[in-house]
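For reference, the chains in residue letters:
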Amino acid sequence: MKKEMEIEALPDNFEEVVIFVEDQLEGTACPNKVKMQLKLAIEEIFVNIAHYAYGEETGTAKVVSELDSEQGKLKVRFIDQGIPFDPLKKEDPNTNLTIEDRQVGGLGIFLVKKLMDKVEYEYSDGCNILTITKCIL
């Protein structure tokens, strides 16, 4: 089952995106731990789009959620027409360093990569497309 929404890319709208995705999980055996991991990933990705994709302007984000009940997987695609940016090219932070010695930034996408089963990026037709996939069963 596939659903999509388009929403203004504002940080406060991330809860609507979380609810949109969680609604699709209703009636599945998805564990609460997995729901929490999805919520964290969705928040990180959507808030980054809201803060950085459009610079000083405000744009929109399209969110496509696709549930494959037979395979027990959920795929969520985030699409924006902001500044081209592949977060997967950013080097993972050195988590062995103290907080004072770490560079600012990059921890969020690192967390997303650790929590999700698959994270993919592409730039197509003037759009950033970041896709996360998670086994929900």
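Up top you'll find the structure we're talking about.
All of these numbers come straight from a predicted model, not from anything done at the bench.

Asker: Would you mind showing me how to read helix α1 (residues 14-25) here?
Answerer: One turn of an α-helix holds 3.6 residues; hence residues three or four places apart share an orientation. Its 12 residues place the ends of α1 17 Å apart at the C-alpha level, agreeing with the 16 Å of an ideal helix rising 1.5 Å per residue. All of the buried residues in α1 are F14, V17, V18, F20, V21, Q24 and L25. Take α1 and look down its axis: the buried residues cluster within an arc of 160 degrees, on one side only. For α1, the secondary structure elements touched by its buried residues are β1 (2-8), α2 (32-53), β2 (60-68) and β3 (73-80). The positive-phi residue at the C-terminal boundary of α1 is G27, with phi of around 85 degrees.

Asker: Any chance you could explain the packing of α2 against helix α3 (residues 107-115) here in plain terms?
Answerer: The relative placement of two packed helices is expressed as an angle between their axes plus a distance between the axes. Packing of α2 against α3 brings their axes to within 9 Å, and their N-to-C directions diverge by 145 degrees. Judged by the sense of rotation from one axis to the other, the crossing of α2 with α3 is left-handed. Contacts from Q37, L40, A41, E44 and I45 in α2 reach G108, I109, V112 and L115 in α3. The residue inventory of the contact of α2 with α3, partitioned by class, reads 6 nonpolar, 2 polar and 1 charged.

Asker: I tried to follow the packing of α1 against α2 on my own but got confused; where do I start?
Answerer: Between α1 and α2, the shortest axis-to-axis distance is 9 Å and the interhelical angle comes to 145 degrees. For the pair α1 and α2, the crossing hand works out as right-handed. Contact with α1, carried on its side by F14, E15, V17, V18, V21, E22 and L25, involves K35, L38, K39, I42, E43, F46 and V47 of α2 and no other residues of that element. Of the residues in the contact of α1 with α2, the class split is 9 nonpolar, no polar and 5 charged.

What counts, and at which threshold
- Residues numbered from 1 in each chain as written.
- Predicted model: local features only at pLDDT ≥ 70, side-chain atom pairs only at ≥ 80, totals over all residues.
- Heavy atoms only, no water.
- Helix = DSSP H or I, 4+ residues; strand = E, 2+ residues; numbered from the N terminus.
- Expected span 1.5 Å × (residues − 1).
- Buried < 20%, exposed > 50% of the residue type's maximum accessible area, 1.4 Å probe, protein only.
- Arc of directions from axis to C-beta.
- Contact = heavy atoms within 4.5 Å.
- Axes fitted to C-alpha atoms, helices over the stretch in contact; angles between N-to-C directions.
- Left-handed = near helix turned anticlockwise from the far one by under 90°.
- Nonpolar A, V, L, I, M, F, W, Y, C, P; charged D, E, K, R; others polar.

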